[in-house]
Structure formats: structure tokens, C-alpha cells
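Overview (structure and organization)
Below are the chains, spelled out letter by letter.
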Amino acid sequence: MKQYENVVVFDHPLIKHKIAILRDEKTSMKEFRELVEEITTLMTFESLKEGVPTVEKQVKTPLETCVQQVVEDNAVAVVPILRAGLGMVNGVHRLFPLAKVGHIGMYRDEETLEPKPYYCKLPDGIEEKLVLLVDPMLATGGSACDAIQLLKERGCKNIKFMAIIGAPEGVSRVAESHPDVEIYVSTLDRCLNDKGYILPGLGDAGDRLFGTK
Ligand code: PRP
Ligand code: URA
């Protein structure tokens, strides 16, 4: 895949270890859900190391008073792409417990693989926040591109997108369509199959999170 300035592939050994378990078809729904949450927390820590608004606060230690940088309340919003993105919300909340949550509902048409939007509810004032859009799978990139477009139409200017597994074609599509959005993927897989599934991938993330198959 071409190199993009707005794409970061983590390739961290600890995250890779957890993704190996996530991929395994024998991994239970419970363990799958827990791993998605844990990986999301690790990704959030890394992807938000820059750009999070902070403010100064006076802190009184047992010895003296000092000025410290703390994260601004309500600086971050998390927006999962339904359904599978829901599995990542708690992972963000572990680090940003005050993050408000918007929801964007999209499913892929099984024939055309085009995303079909069916729901959108975003918190008031989201346009002023750092928006963390989350979805475990970035396949053709159609869902992510449309979700980002929707956020931009609502006035969001500071958007980061996090996916656990990305396919090269999807990563390229999002990177080129939205060069102003930072894209974080934990690992880059080989390609898509003729049904638009990521190879080797992990199957259908929504079904594995929610036990629908
Ligand atoms: C999956 C996944 C992404 C989308 C990725 O959702 O969670 O939203 O596919 O594919 P794309 O990059 O080709 O758009 P799906 O449409 O299966 O819906 P679900 O989460 O409700 O199962
Ligand atoms: N959505 C998934 O859940 N898995 C894939 O491999 C592709 C899209």
C-alpha cells in the first residue's frame, strides 16, 4: 500500500498478540468483546497522545501547590459506527469517561457493498470537540468515508478514525477521500475477498460481538 501522511499503522506486539486471539474462530463472544475493548483502550492511548485540548489546573500536593495540565472536560466525543463500533465505546470511556457518544447507523448492502445509512444521533456541540470515530473493521472504506462525510456536514473539523483491522484498499480510499482526517489501524491485512470480507480478518465483527450468528 502507498504511504499516507494521515495513516498510522500501530503494529504493536501487544496489540498484535490480542488481535491473534480475536481472529481465532474459537474465541468466545465474551472474550471477543473484552479484547475489542482492551485493544481500543490501547489504541486510544496512542492515537490521542497529540491534539487533546488541555487546561491548566492548580493542584495542592501535601508539600506545595503546583500548576498541572489536565484534559479539558468534554473535549472528546466518541462516535461508533453501528453495530460493531459499539464494541469499542467502553474502551474509549476507560480513558475519557466524560466523552459523549454519538451514533451513526450503517449497514453494507450485501450485493453492492455500498453503505446504507439508517440512523444518526450526535451530541449537541459535537462540532467543537475532537471526534473519535470508531469501527473495528475498515474493509472497502465505504462506511468510514460516509460516516466522516456526515460528521463534516454537521460541522466537525477535528476527526480521528480508529479501526482495529484495515484492508489496504479501504485504508487508501479513506486516506485519499479525507486527507484531513487521521486514520489509525492496529494492523493492515492482506486484501478483501469477493464478498468484501477482510482476509485473513476475523469474520463479521458485529456478529462475533453480539452473537447474531
Ligand atoms: C461492518 C463493519 C463496518 C463495515 C466495514 O459493518 O463493522 O461498519 O462493515 O465495511 P466497509 O469498509 O466495506 O464499509 P456491517 O455493514 O457488517 O454492519 P454491522 O456492524 O451491523 O454488522
Ligand atoms: N465487516 C466485517 O465485520 N468484517 C469484514 O471482514 C468486513 C466488513
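As a starting point, this report considers the structure included with it. (Residues numbered from 1 in each chain as written. Chains lettered and ligands numbered in written order. Predicted model: local features only at pLDDT ≥ 70, side-chain atom pairs only at ≥ 80, totals over all residues. Heavy atoms only, no water.)

**Re the site of ligand 1**
Counted only if it meets this: The near set for a molecule or strand comprises every residue that places at least one heavy atom within 4 Å of it. Two N or O atoms count as a polar contact when they lie within 3.5 Å, although within protein this holds only if one can serve as hydrogen donor and the other as acceptor, and sequence-adjacent residues are included solely when both atoms are side-chain atoms. All accessible-area figures derive from a Shrake-Rupley calculation using a 1.4 Å probe, and residue coverage is judged against the displayed protein chains alone. Each helix is a run of DSSP H or I of at least 4 residues and each strand a run of E of at least 2, with the numbering of both proceeding from the N terminus. For this classification, Asp, Glu, Lys and Arg are treated as charged, while Ala, Val, Leu, Ile, Met, Phe, Trp, Tyr, Cys and Pro are nonpolar and the rest, including Gly, are polar.
In the vicinity of ligand 1 there are 14 residues, among which Arg108, Asp135, Thr140, Gly141 and Ser143 approach most closely. For ligand 1, an oxygen atom lies 2.5 Å from a polar atom in the side chain of threonine 140. At a separation of 2.8 Å, an oxygen atom of ligand 1 approaches a polar backbone atom of glycine 141. Relative to its unbound accessible area of 500 Å², ligand 1 is 90% covered by the protein chains. Looking at the shell around ligand 1, the elements with two or more residues in it are β6 (103-108), β9 (137-138) and α4 (142-153). Considering only residue class, the shell around ligand 1 consists of six nonpolar, four polar and four charged.

**Considerations on the pairing of strand β11 (residues 182-188)**
Spelled out, the test is: Throughout, exposure labels follow a simple rule: accessible area from a 1.4 Å probe, protein chains only, divided by the maximum for the residue type, with under 20% read as buried, over 50% as exposed, and the rest as partly exposed. By definition, two strands form a pair when at least two bridges between them are found by DSSP. Every crossover in which the path from the first strand over the helix to the second runs clockwise, viewed with the strands pointing away from the viewer, is termed right-handed.
The element β11 is extensively covered by neighbouring structure, given that five of its seven residues are classed as buried. The pairing of strand β1 (residues 7-9) with β11 spans three bridges and is classified as parallel. Each bridged residue has a counterpart across the sheet, and for valine 7 the counterpart in β11 is isoleucine 183. Pairing of strand β10 (residues 158-166) with β11, which is carried by six bridges, proceeds in the parallel orientation. Its bridge partner lying in β11, alanine 163 is registered against valine 185. Running through helix α5 (residues 168-177), the crossover from β10 to the neighbouring parallel element β11 is right-handed.

**Details of the site of ligand 2**
As a matter of local geometry, ligand 2 sits amid Arg108, Met137, Ala139, Gly196, Tyr197, Ile198, Gly203, Asp204 and Ala205. At 2.8 Å, a backbone N or O of glycine 203 approaches a nitrogen atom of ligand 2. With respect to ligand 2, the backbone of alanine 205 contributes an N or O atom lying 2.8 Å from an oxygen atom. Within the complex, the protein chains bury 88% of what would otherwise be the 230 Å² of accessible surface of ligand 2.

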